[in-house]
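# Structure assessment
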Amino acid sequence: MDADHIDHRARRQVAAEERRMRSRRSTTLRAAFAEFLRHPSPWMIAAFLVTSSAARIWLGGWGIADLVVPVVMIASFPLAEWLIHVVVLHWRPKRLGPVTIDPLVARKHREHHSDPRNIPLVFIPWQVLVTVVLAAVAVGLLVFASAERGLTFMATLAAIGLVYEWTHYLIHSDYRPRHAYYRRLWRNHRFHHYRNEHYWFAVTTAGTADPLLHTYPDPDTVEKSPTAKDLHALSQTGD
């Protein structure tokens, strides 16, 4: 299949999807939130947030580190989000002898790209979330100098995770953006899904990590990718 045919097919697919998006009736924020609560990951993250926050308040012993830790985590999250998206979620399966290294989170993300309108696929898989929570607890208790600072880390991570999960879900829902900043997030993430999967990796921020790492081009200068819904063209290669 020649490049011109691939590009023409990609343009038709993306144009059709964009027409369908414009024709859908917008939902309300209240209805979107009700749907959000029907999925397990928000409840799991919220439970982690409430538990770690309650434990942190109960221990007391507040210090300047309880301000520094959240500030550093929030400031570094755009870069962390970009790296996770590029390195982990867009992981290409690799063979190591007879073993194929293809984590669940990467497989689920490929499914998400193949069907961005499938709402259950928008959320972090519960199996992955369990691993993340256990890892966060281990880091909080073993890496930080005190349980108090470790719990501050855990509570902050849970809060960031809940914001990420809500933002990502809302972008893929039928809720239409009404404010300029959210409109930028909405457009950027849809460019990532429907125009070219090699750009616009940030989800919860706009104009941060993507410009810094040269993945924030003018959309009009970017070719519509034939593999935006088939990451790495794995369905074509059979890998």
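I will try to describe carefully the structure that is included in this document. Remember, predicted model here, so these are calculated numbers, not experimental data.

## Remarks on helix α8 (residues 180–194)
- With 15 residues, α8 ought to run about 21 Å at 1.5 Å a step, and its terminal C-alpha atoms sit 21 Å apart, in line with that.
- Among all positions in α8, only Tyr 182, Leu 185, Trp 186, Asn 188, His 189, Arg 190, Phe 191, His 192, His 193 and Tyr 194 are buried.

## Some remarks on unusual backbone geometry
- Positive phi, close to 60°, is recorded for His 214, a residue that is not glycine.
- When you line up the elements, His 214 lands in the loop between α9 (209–212) and α10 (234–237).
- His 214 sits in the exposed class, given a relative accessible area of 68%.
- Its identity is not glycine, yet His 232 carries a phi of approximately 65°, on the positive side.
- In this structure, His 232 sits in the loop between α9 and α10.

## Some thoughts on empty space enclosed by the protein
- Summed over the entire model, instances satisfying the criterion amount to two cavities of 30 Å³ or more.
- Size it by volume and the second largest cavity reaches roughly 40 Å³.
- Pro 116, Arg 117, His 172, Arg 190, His 193 and Tyr 194 are the residues that line the second largest cavity.
- Per-element accounting of the lining of the second largest cavity gives the leading share, three residues, to α8.
- Along the lines of polarity and charge, the residues of the lining of the second largest cavity split into two nonpolar, two polar and two charged.

## Some remarks on the side chain of Ser 52
- Structurally, Ser 52 is set in helix α3 (residues 40–59).
- A relative accessible area of 4% places Ser 52 in the buried class.
- Of note is the side chain of Ser 52, whose polar atom sits 3.2 Å from the backbone oxygen of Leu 49.
- The contacts of Ser 52, once residues within four sequence positions are left out, are Leu 151, Met 154 and Ala 155.

The rules we used
Residues numbered from 1 in each chain as written. Predicted model: local features only at pLDDT ≥ 70, side-chain atom pairs only at ≥ 80, totals over all residues. Heavy atoms only, no water. Helix = DSSP H or I, 4+ residues; strand = E, 2+ residues; numbered from the N terminus. Expected span 1.5 Å × (residues − 1). Buried < 20%, exposed > 50% of the residue type's maximum accessible area, 1.4 Å probe, protein only. 1 Å grid on protein atoms, 1.4 Å probe; cavity = no way out; pocket = protein on both sides within 12 Å on 5 of 7 lines; lining within 4 Å. Points joined across faces, edges and corners; volume = space filled by probe spheres on them. Nonpolar A, V, L, I, M, F, W, Y, C, P; charged D, E, K, R; others polar. Polar contact = N/O pair within 3.5 Å; in protein donor to acceptor, adjacent residues only side chain to side chain. Contact = heavy atoms within 4.5 Å.

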